[in-house]
Amino acid sequence: TLRRVRSVAFPTCLSLHPATSRGDALAPGAENYNSHDALRGNQTPLPAMPYGADSLSLDAVRGGARLPSGPRCGGLRQRRPRRPAGEPSRPSPPPRAWAPLEAPVGVWAPLASITLLSFASRFYRLCEPPHVCWDETHFGKMGSYYINRTFFFDVHPPLGKMLIGLAGYLSGYNGTFPFQKPGDRYGHHNYIGMRGFCAFLGSCLVPFAYLIVLELSKSLSAALLAASILIFDTGCITLSQYILLDPILMFFLMGAVLSMVKYNSCAVRPFSAPWWFWLSLTGVNLAGAIGVKFVGLFVVLLVGLNTVYDLWELLGDLSLSLVTLGKHLLARVFCLILLPLVLYTAQFAVHFAVLNKSGPGDGFFSSAFQSRLIGNNLHNVSVPEHLAYGSVITMKNLRMAGGYLHSHWHLYPEGVGARQQQVTAYLHKDLNNLWVIKKHDSNTDHLDPSCSVEFVRHGDVIRLEHKETSRNLHSHQHEAPMTRKHFQVTGYGINGTGDANDFWRIEVVGRKSGKRIKVLRSQIRLTHLATGCILGSSGKTLPKWGWEQVEVTCTPYVKETPNALWNVEDHINPKLPNISLDVLKPSFPEILLESHMVMIRGNSGLKPKENEVTSKPWHWPINYQGLRFSGVNETDYRVYLLGNPVVWWLNLVTIGLYLLMATCTIVAIKRGAQLTVEFKELSEVLLHSGGKIMLGWLLHYLPFFMMGRVLYFHHYFPAMLFSSMLTGITWDTLLKFCAGCLSCSMGKRVYTYGMLALMLLIVYSFYLFHPLSYGMVGPMASDPNSPMAGLRWLESWEF
Amino acid sequence: MLGFLKQPVVVTAEINMNLVALTVMGLVNRLWALSYPRAVVFDEVYYGQFVSLYMKRIFFVDDSGPPFGHMLLAFGGYLGGFDGNFLWNRIGAEYSMNVPVWSLRLLPALTGALCVPLAYQILVELHFSHCAAFGAALLILFENSLITQSRLMLLESVLIFFILLAILSYLKFYNLQKCSPFTAGWWFWLLLTGVACSCAVGVKYMGLFTYMLLLAIAGGHSWHLIGDQTLSNVSVLCHLLARGLALVVVPVAMYLSFFYVHLTVLYRSGPHDQIMTSAFQASLEGGLARITQGQPLEVAYGSQITLRNVLGKPVPCWLHSHKNTYPIRYENGRGSSHQQQVTCYPFKDVNNWWIVKDPGMQQLVVSNPPRPVRHGHIVQLVHGITTRYLNTHDVAAPLSPHSQEISCYIDYNISMPAQNLWRVEIVNRESDTDVWKTILSEVRFVHVNTSAVLKLSGASLPEWGYRQLEIIGEKLSKGHHQSMLWNVEEHRYGKSQEQKEREVELHSPTQADISKNLSFMARFTELQWKILTLKNEDTEHKYSSSPLDWITMDTNIAYWFHPISGAQIHLIGNILTWASANVATLVYVCLFLWYLLRRRRKICDIPEDAWRLWVSAGGLCVGGWAVNYLPFFMMEKTLFLYHYLPALTFQILLIPVVLQHLTDHLCRYPGYSTGCPAVLISGDKSSEMMGFLVPAPALILGTLHYVPSVITLPCLAEENYSVNACTGLGKVNCSPV
């Protein structure tokens, strides 16, 4: 009973907010909250609820307070109304111990102030430095491409760059700045619009984090702690201030989490307007997140797991009929699967519609794809449809960026197979890519008007003569220059006279024999008649002697890979009627699929080079090494992307602390420990809300350990957002727990001073490290005169 | 006394004749004509080399896995008296008389045979009927792919044996847990689980998957234990500690012991020495140890040294210089300093010798007493043969234009002064005054003027640099990378001040007399790291396949082919077994989901006991299949059909599980489905027999159909099999397996 008394007295000891000084906070109860309601006066009429109306009205007030213009809904997570009547219902929630903190004004004012602080910290010195920083050179350039409508290739989906382009367009940037390399001065070009857009989205992260934590933990101080961590983290500030995809990605990501949390809170009133609103907003944000970077898939996974859990709970609720369950399922399928898919596809539709001019990305795509682009030599051309003997053709390898079959006068050097003419794959259009199709047994000129046209058919044995050098495509049992297990491919013979090793069987994939071969559409395989190997491109780059073109080999391993498949791109035959290639234009689903294949291969192609020092995932949470955004030397204006070490190490410690606390709690519950109501509620927050955030952190961090591609420090920032929110929740819970164990006045002091100490620590460390984001000039940190002197705590930091 | 005269001594033995029969059948099936063919079959060519090296006690590194599997094979060779003298270079090569083929293949065959009774026992321990268990064992017995794999000197059957043993002992342990914890039997099975797990991991890293599965299952069971409030806190703690000991500590210790044996047995230097660091090499008998034995430990001013790059990639190499200079202009038009080339050279050479010089003194000999070089000291490095100083300056390196060129300075009398001071930074120092030690110290050379770091770029120079490796000065050194670290390998105190004498001295071999002993843990860590990071570059193979081909058995491997008689061995599965295993998996997953969703709605189709059985058996079999199969989709290495065999074994165990469940609960009486009592252990046999025996003959017939492809048969043109055998002829012959 002593415990009980303590917990009733608890609220008074725990409040941080000035509202405590008001007398009404001392006696928590329904009347109190209702008086707050009366004060606010703008809340919706409350539906009759079978349980503690006090807390619901509180939630309604808070909902209204937080989102004055948005829809409101109850903040309670419990689904008590749906429980069968027979089951013993839990006791109605006791008056929350720290409730006075959450008086309406107490929610409004902090939100407004942290938003203000966040915007201030992100927009401060936004235009400095006035030159291209780090990856701005890519994303700024791609924004310009959208303004100029030039087609390009990037490994990320288009939404982020489209938004950058749009922001630039609206702010009066005309797309003419070349963004050649980091350090280029912007001059008169208007770059503030694009940076401002990114900074705006980056600033939104803080209020989002605040609202998420508030919704999950119902604790103002936890929310404030999380928000202040993000406001005062130098890394988040730096990453938000430049033209990058990360602020956009994180905006959608946090938006998705926020709306997910909100719709979970609305679960007591399913199918109400707010429920639909938040559910579909989750879907929209998910589409945005994957639309910016594929890393967005992790948040999709998080929402997916949360939804599965949600549906599982609903399924176990026997008071719901199967029809209702079906409605729940369909609503989620519609909002969380179909809606994002439609939006995602729509982004690509816009992307393809906007970028309709030929540009630097053409070579990555198939011939059919290129025919869409204005200015590409495949656009609006007309060629003969079927291959005939005597046709002059170019052959393109079907692997990504495969290049055209190419030969030139140069020979393979001494010691590299037979000393015959080189055959390579070349990425650019060139006269040396032209080949003539001949019959294997005769050297007649098929273009002679007296000859009748004879089409090449599937299964024919042919000879390919290089047009410029009149040598035949040839292979033999010498090892290929790079891929030793394959055979070398050379140009052989004089004026078309070679030997039996020049014969190739031409086959079309998935075709019966005797069929004609189509330009562009047919996937061709060339089998060497004598050795049975297949002509392919290995994708390896030849050394200097091969002009760094791509190796072409004859592979004895008969496998269906795009490496060994070719298509005919150009086709010249004066005796055949030309048809327009427009009929061959690929449909939207086809180009969508192709661009995804190209993106995925591009991503997996970003492998670290041998002996290159790369960032490892384990470096990130310990803030081991940052990224140089701008400037190297003492005279330069230097910006260095590095997290605020105090904040990051606090986050790191917190993860361990959280795991420890969660394990202890869960084991204690499993062992049947009797908890008081307050501790039960605390453990609920710790396990459920904290668990969700922890899952988010894991999903955004662990997969990087399995990725083979090049990784950078900034990949950790989405995970860092989760980690910061977890810090807020964990410390709040820990301090409340300590406070609950101590006597009343003591507990109050511990809680208040603990929170204050954490906040002060964060603010002070930001004061120390702020030059990292806002720019440093002058000597390096090793010099005692430097502003950063003595702050280079790790040798690996480069400032 | 003499009580036994009144009362007879009675020994009652209960022998499960099923088990005996299965074991005998397994042995016959796996051991029959074991030494045929007397030729190298497929991967025997690979494992054979290691057996030979074990016999000769020569050190090697195999990146395919830990050493326990190789050791077991070598043990077979040891028993057979194999001396290791056989050249393992070609598949199909006839074994010479000194190779004990039978005993080399015995161990895999024995373990393969024992898998049959193990499968039986596992199903019995899962509380399935003896009929179902017998069925499972028969399916394993007649699975051609398993037979083929066990009859050769390969490791998969050993791996499968340990996996099954681990599963069985865990089940035994778990069944004992309910009635008699902390008894001798309980401890025995618990410890055996850990031991079998570590053996499985020690044979192949694939064993990790099953180990993880078992850990997860044990974790789940422990969690229930924690929730059991009838147990006191102390006894729960004891239970948890016992599990931790047996399932974590014991396996780790066993794993270390494999390496301990491995490193103790292999004490001679051999072909893979070069991969290891100098310190490791010096710990082996012969090789580097012979050279470095007794050389002075502390590098002093005047020392003559060779510097080896610590990274060892793409090839191990030593800092090198020679008379030739950088070309004035490179092919791409950039200019160079035209000074003497500095490269990294992968062979021992007199041009690899450098002399450590004190910048403040002229002499190139070691004073008496020697003045050791310490961390942070500034030195000059003088190339021994040409007497030029190691130098770097603000000129772009030949192949890495973002880094500085490293040269040996030639004074052309132009405005390019010598910048030849280097600061020695010992990276693995214990204190800041550490002395630079031969072999042991890993050193970074930081250029004093530009703070560039001496680094191996990994690129090969073109013709003018004799294709040696490029050395650069990394200006912005990002973090620590092994390519920037160097260690002294050969070392002696220089005695001759005169250049001519010094040249003679440089050419003479070093001699001295200290040996460096590395601790076991240091050697283990290094070897383990090399095993995990070593990469084989060529990954294409005629018979490699993708994991998707495995389920449908779209692929096979021709293991062996006799050029004259045409007899051959193929690795190919029993199509009936594979198909029914796939069907069983599908049925299991569908039924499981169905039950799960219905139970959530409080509709129980099967009784609680049956449901628990269904979950535990399925979790083990489907879980085992999934963990042994799905990870392959994420692997980038060359994959073969035999990688699927462990997963297949689990899948096969599932067939009788599903069949018995179907007959017991779905096919019996239409109206019986809701309240059916647990018939699984007691229930009448006829229904179970029906369930299993109908498909069984078909499966066995199916096996017989494939037997020819497993055992061997002469390829006669008139026979039916000729088509298969002879079309393979050309390909198999030239296959570069």
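Procedures and definitions
Residues numbered from 1 in each chain as written. Chains lettered and ligands numbered in written order. Predicted model: local features only at pLDDT ≥ 70, side-chain atom pairs only at ≥ 80, totals over all residues. Heavy atoms only, no water. Helix = DSSP H or I, 4+ residues; strand = E, 2+ residues; numbered from the N terminus. Contact = heavy atoms within 4.5 Å. Buried < 20%, exposed > 50% of the residue type's maximum accessible area, 1.4 Å probe, protein only. Expected span 1.5 Å × (residues − 1). Arc of directions from axis to C-beta. Polar contact = N/O pair within 3.5 Å; in protein donor to acceptor, adjacent residues only side chain to side chain. UniProt positions renumbered as here; feature names shortened; annotations may be inferred. Buried area = accessible area lost by both parts, 1.4 Å probe. Salt bridge = Lys/Arg side-chain N within 4 Å of Asp/Glu carboxyl O. Axes fitted to C-alpha atoms, helices over the stretch in contact; angles between N-to-C directions. Parallel < 35°, antiparallel > 145°, perpendicular 65-115°, else oblique. Left-handed = near helix turned anticlockwise from the far one by under 90°. Nonpolar A, V, L, I, M, F, W, Y, C, P; charged D, E, K, R; others polar.

A. Focus on the side chain of Thr649 of chain B. With respect to the helices and strands, the residue Thr649 of chain B is situated in helix H19 (residues 645-666). Setting aside chain neighbours within four positions, we find Thr649 of chain B in contact with Ile140, Leu146, Ile160 and Leu164 of chain B.

B. Up close: the side chain of Ser403 of chain B. All names here are of chain B. Mapped onto the elements, Ser403 comes out in the loop between strand E6 (390-396) and strand E7 (404-408). Classification of Ser403 as buried rests on a relative accessible area of 8%. With residues up to four places along the chain from it excluded, the contact list for Ser403 reads Val395, Ala396, Ala397, Ile472, Gly473 and Glu474.

C. Representation of helix H2 (residues 17-31) of chain B. All names here are of chain B. Taking 1.5 Å of rise per residue, the 15 residues of H2 would be expected to cover 21 Å, and the 21 Å separating its terminal C-alpha atoms lies within 8% of that figure. By the burial criterion, the buried members of H2 are Leu19, Leu22, Gly26, Asn29 and Arg30. Looking straight down H2, one finds that the buried residues subtend no more than 100° of arc, so they occupy a single side. Residues of H2 that are exposed and point over 90 degrees away from its buried face: Met17 and Val28. Buried-residue contacts for H2 involve helix H5 (101-125), helix H6 (130-141) and helix H7 (144-150). Where H2 begins, the capping side chain belongs to Asn16, and its oxygen is found 3.0 Å from the backbone nitrogen of Asn18. A positive backbone phi angle near 50° is found at Ala33, which sits one or two residues after H2.

D. View of the UniProt feature "domain: MIR" (unreviewed entry) in chain A. Annotation from UniProt places "domain: MIR" (unreviewed entry) at residues 384-440, 453-509 and 514-571 of chain A. Structurally, residues 453-509 of chain A comprises 0% helix and 44% strand, and the distance from its first C-alpha atom to its last is 24 Å.

E. Molecular detail of the UniProt feature "domain: MIR" (unreviewed entry) in chain B. Within this structure's numbering, the places UniProt gives as "domain: MIR" (unreviewed entry) are residues 296-359, 370-427 and 431-491 of chain B. Secondary structure within residues 296-359 of chain B divides into 0% helix and 41% strand; the distance between the first and last C-alpha atoms comes to 22 Å.

F. Summary view of the interface of chain A and chain B. Listed by partner, the interface residues are 33 residues for chain A and 38 residues for chain B. Carbon and sulfur atoms make up 53% of the surface buried where chain A meets chain B, a total of about 3,000 Å² over both sides. For the pair chain A and chain B, the interface holds one salt bridge. Note that Arg600 of chain B is salt-bridged to Glu313 of chain A, the shortest N-O span being 4.0 Å. Residue assignment for the side of chain A that touches chain B shows that the elements contributing at least two residues are helix H12 (296-316), helix H13 (322-354) and helix H16 (645-670) of chain A. For the side of chain A that touches chain B, the element with the highest residue contribution is H12 of chain A, accounting for five residues.

G. Here's a closer look at the packing of H16 of chain A against helix H17 (residues 677-701) of chain A. All names here are of chain A. At a minimum axis distance of 10 Å, the contact between H16 and H17 shows a crossing angle of 135°. Relative to H17, H16 is oriented oblique. The handedness of the crossing between H16 and H17 is left-handed. Residues Ile655, Tyr658, Leu659, Met661, Ala662, Thr665 and Ile669 of H16 pack against Ser683, Leu686, Leu687, Gly690, Gly691, Met694 and Trp697 of H17. Across the contact of H16 with H17, the residue classes break down as 10 nonpolar, four polar and no charged.

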